[in-house]
Amino acid sequence: MTKNGESLSQLQMAMATFRKNGLAMGCVTILAILYFSAIFADFLSPYLYDNEDRNYSYCPPMKIHFIGENGKIERPFVYRMYFSFDEFHKRIYKEDKTQKYPLGLFVKGKPYRFLGFIPFDRHLFGAQNGGRIHLWGADSRGRDLFSRLLWGGRVSLSIGLIGVTISFFFGLLIGGISGYYGGKTDNIIMRICEMIMMIPSFYLMLALMATLPPGLNSIKRYMLMVAIFSFIGWASLARVIRGMAMSLKSREYVLAAKAMGVSDIRIIFTHILPHTMSYSIIAVMQSVPGYIIAESGLSLFGLGIQDPYASWGNLLSEAMGIIQITFAPWILLPGFFIFLTIICFNIIGDALRDALDPTLKAEGRT
Amino acid sequence: MLLELKNIKKYFPSHIGFFGKVSSFVKAADGVDLTIVEGENFGLVGESGCGKTTLGRLAIKLLLCDSGEIIFKGRNIANLSAKKMRVFRQDIQMVFQDPFTSLDPRFTVRNILSEAMQFQKESLVKKEERMKELLLAVRLPADILGRFPHEFSGGERQRIAIARALSMNPKLLILDEAVSSLDVLVQEEILNLLLDLQQKFNVTYFFISHNLRVVKKICHKVAVMLNGRIVERGPCGEIFSNPLHPYTKQLLSAAIEYKVASNQKNIVLKENAKLIDQGGGHFVLEN
């Protein structure tokens, strides 16, 4: 355990245990891919989130071909899709074997700002010669679902992390103060917590979102959603942390720090909160899914991110009718990604608890 | 005169009624007077639950007393605010009973010592230098700064705790049962170390213990405490050779002969009893 006279901290030991958990490491990989593709969504996706072509409305996922009609291997290409109507006036798409569009890397597309500030007009891949590629199909307005999934991931994946970060900061701080000082301060803070926790959170969120003025742009809406999620989220954590702080403050090392004249706030940050870390890390991992679901729920009801901007929730709102689902099942894909993300976070949370628990036992007192 | 406690009282509510009315108290300190002179180690003995630890914590203001005066270096510090108290903090330090909880398990030895030195304006290099000196002074190797407390034995941890307390150059060091959780040989080592350190750091000990043998070895003056009150105090030799209060007699006989006197629980302290001078600085509570 010793390396150059410096020892491994408990967190380092826990991480070593965590790394041995194959399933959890798999989930970490999946999440890493999802977050990576969300961050670079503008470059990785062939189209911008609002790029539409009504001729491709509900176009099914296209096949990528490698072998031409003469049986020779060529560079990958897609056929043009054309449609006819069946007896129910629904579009039946067929491949037009006469017209093929080769696929290319770093193709030119609509100009955008890479990562929000670098002007750029290339995309990782795309169809050339004016064709369109819909890897995972298109939605009702002929927008590429693959592109919109990546763009939507930016909202859905980030809102969980940002919301959790803010609400945990407040939860830890307020819980720490409440538990450490005790008495009247504690009483007032805990009553406020209970007031917030008393209201069913989803309905509270709906009510708060409904009070927002309707003409807000999506960035402001996103910020306000984060604010609302954090406003609701801190209370339950604060309660648990407060309980831990109450038991931690009577430890002798806290008394020793007091006797040395260390300030209260410093004691809270150095001697109280770090000892709640193992619990907090697990709680963070397990509450991220809640935020993702909350965002999806709000957007599904049309209260969250508004069209044309994409989030997994409002992508899924297209799949609210049984007709659309039977006719174009690929529009359920955002639901699968929500599911995948949440499962990953939960498995990682479980694995973290397994990894952190033995050290808790070794410490013997937490 | 280093520290003087005058008529210190601390009552803990033991039963609180429905409307917040306190109906009974535990009297942890009930009008305690004592004086600690610089250079003369002071021992406080008594059975567990008699209020000795509380008295130690009152003296260092980890607990606030209900009434009374704490006079340190000629100034009453009982009612000083936390900010003004900071000047006095480094002059009174404390070593706690349990070395397994008195060091933060997430702090390395370096963190532990530098936390104690945070108000001292020295360069980092010089502080590191001082840390090593302190560790050598408590007879630990100097290269353990990067280690965590869980890598040390109880005795070693207690040495780290002593080093931490001494790093602030205190005038008075309160040792709250500082050796009672250690085995007898380690106790002996720590006591010898403490006597050595007294010479080196010019510090006075306020030794709180239930162990009379330990007190006898290290203290010049002793006070015996029962139910939040001092029943007898005086020079160490005098108390051990000529105990006058029945409780002191019981305590001594129990410690030396390992026999518990039959009438142990029968001692009742009178409400307004006063300490009576027996000559030679030996005071006994009237009976």
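Every chain begins its residue count from 1, and numbering advances along the sequence as written. Both sets of labels track the order of writing: A upward for chains, 1 upward for ligands. Where totals are concerned, whole chains, interfaces and linings use all residues; where local detail is concerned, this predicted model gives features only for residues with pLDDT of at least 70, and gives and counts side-chain atom pairs only at 80 or more. Remark: hydrogens and water are excluded; side-chain values derive from all non-hydrogen atoms of the structure.

Novice: What should I look at first to understand the domain arrangement of chain A in this one?
Specialist: Where the parts come together, the accessible area they lose is often given as the size of the interface. Residues and elements named next belong to chain A. For every domain, the bounds stem from an assignment made automatically or drawn from a database. Under the domain assignment used here, chain A contains domain 1 (10-20 + 26-36 + 149-363) and domain 2 (52-141). Here the C-alpha centroids of domain 1 and domain 2 sit 39 Å apart. Counting residues at the interface gives 11 residues for domain 1, matched by 13 residues for domain 2. Here the buried area means the combined drop in accessible surface, using a 1.4 Å probe, for two parts upon being joined, counting both sides. Here domain 1 and domain 2 share an interface that buries about 940 Å² over both sides, 66% of which is from carbon and sulfur atoms. Its largest share of buried area at the contact with domain 2, domain 1 owes to Glu318, Phe327 and Trp330, together 59% of the area lost on that side. For the purposes of these results, a polar contact is taken to be a pair of N or O atoms within 3.5 Å, where, inside protein, one atom must be able to donate a hydrogen and its partner to accept one; residues adjacent in sequence count only when each atom of the pair is a side-chain atom. Linking domain 1 with domain 2 are three residue pairs in polar contact (both at pLDDT 80 or more), by the criterion used here. Those elements giving two or more residues to the side of domain 1 that touches domain 2 turn out to be helix H4 (145-181), helix H12 (322-327) and helix H13 (333-363). When its residues are assigned to classes, the side of domain 1 that touches domain 2 shows seven nonpolar, one polar and three charged. Residue contacts are counted whenever heavy atoms from the two residues lie within 4.5 Å of one another. Only DSSP runs of H or I covering at least 4 residues are called helices, and only runs of E covering at least 2 are called strands; the numbering of each starts at the N terminus. Following the grouping adopted for this structure description, the nonpolar residues are Ala, Val, Leu, Ile, Met, Phe, Trp, Tyr, Cys and Pro, the charged ones are Asp, Glu, Lys and Arg, and the polar ones are all others, Gly among them.

Novice: Where do I start with the packing of H4(A) against helix H5 (residues 183-198) of chain A in this structure?
Specialist: Each pair of packed helices can be described by the angle between their axes along with the distance between the axes. Residues and elements named next belong to chain A. To get an axis, a line is fitted to the C-alpha atoms, and for a helix only the part in contact is used. The angle between two axes follows their N-to-C directions and goes from 0 to 180 degrees. Close contact between H4 and H5 brings their axes to 7 Å; oriented N to C, the two are set at 140°. Our classification of the angle between H4 and H5 gives oblique. Considering the relative orientation of H4 and H5, their crossing is left-handed. Seen from H4, the contacting residues are Ile174, Ser178, Gly179 and Tyr181; seen from H5, they are Gly183, Thr185, Asp186, Ile189 and Met190. When grouped by side-chain class, the residues that make up the contact of H4 with H5 number four nonpolar, four polar and one charged. Throughout, the term roughly parallel applies to angles under 35 degrees, roughly antiparallel to angles over 145, roughly perpendicular to angles from 65 to 115, and oblique to all others. Should the near helix be turned anticlockwise from the far one by less than a right angle, the crossing is termed left-handed; should it be turned clockwise, right-handed.

Novice: Hey, could you run me through helix H2 (residues 82-89) of chain B in this one?
Specialist: Residues that lie three or four places apart on an α-helix share one face, since the helix turns once every 3.6 residues. For each residue, the accessible area found with a 1.4 Å probe, counting protein chains only, is set against the maximum for its type, and the residue is called buried under 20%, exposed over 50%, and partly exposed in between. Buried within H2(B) are the following residues: B:Met85, B:Phe88 and B:Arg89. One face of H2(B) carries all of its buried residues, which in axial projection span an arc of 100°. Residues B:Lys83, B:Lys84 and B:Val87 are exposed on H2(B) and point more than 90 degrees away from its buried face. For H2(B), the elements touching its buried residues are helix H8 (252-259) of chain A together with strand E4 (67-72), strand E5 (75-76) and strand E6 (92-95) of chain B. Working note: the arc is built from the helix axis to C-beta atom directions.

Novice: Help me understand the interface of chain B and chain A in this model?
Specialist: Taken together, the contacts link 30 residues of chain B with 27 residues of chain A. Both faces combined, the contact of chain B with chain A buries some 2500 Å², and carbon together with sulfur accounts for 52% of it. Salt bridge, as used here, is a side-chain nitrogen of Lys or Arg placed within 4 Å of a carboxyl oxygen of Asp or Glu. At the boundary of chain B with chain A, the tally comes to one salt bridge. In this structure, B:Arg57 engages A:Glu252 in a salt bridge whose closest nitrogen and oxygen atoms are separated by 3.9 Å. Counting across the interface, chain B meets chain A through 11 residue pairs in polar contact (both at pLDDT 80 or more). Secondary-structure elements contributing two or more residues to the side of chain B that touches chain A are H2, E6 and helix H3 (109-116) of chain B. Of the residues assigned to the side of chain B that touches chain A, the class counts are 12 nonpolar, seven polar and 11 charged.

Novice: Just checking my understanding: could you explain the state of the cysteines for this structure?
Specialist: Working definition: the covalent bond between the sulfur atoms of two cysteines is a disulfide. Residue and element names in this part refer to chain A. Cysteine sulfur atoms that pair up within 2.5 Å are treated as a disulfide. One pass over the structure, following the stated rule, counts zero disulfides over all chains. Of all cysteine sulfurs, the one in Cys27 lies closest to Cys344, which takes part in no disulfide; the gap is 4.0 Å. We classify Cys344 as buried; its relative accessible area is 1%.

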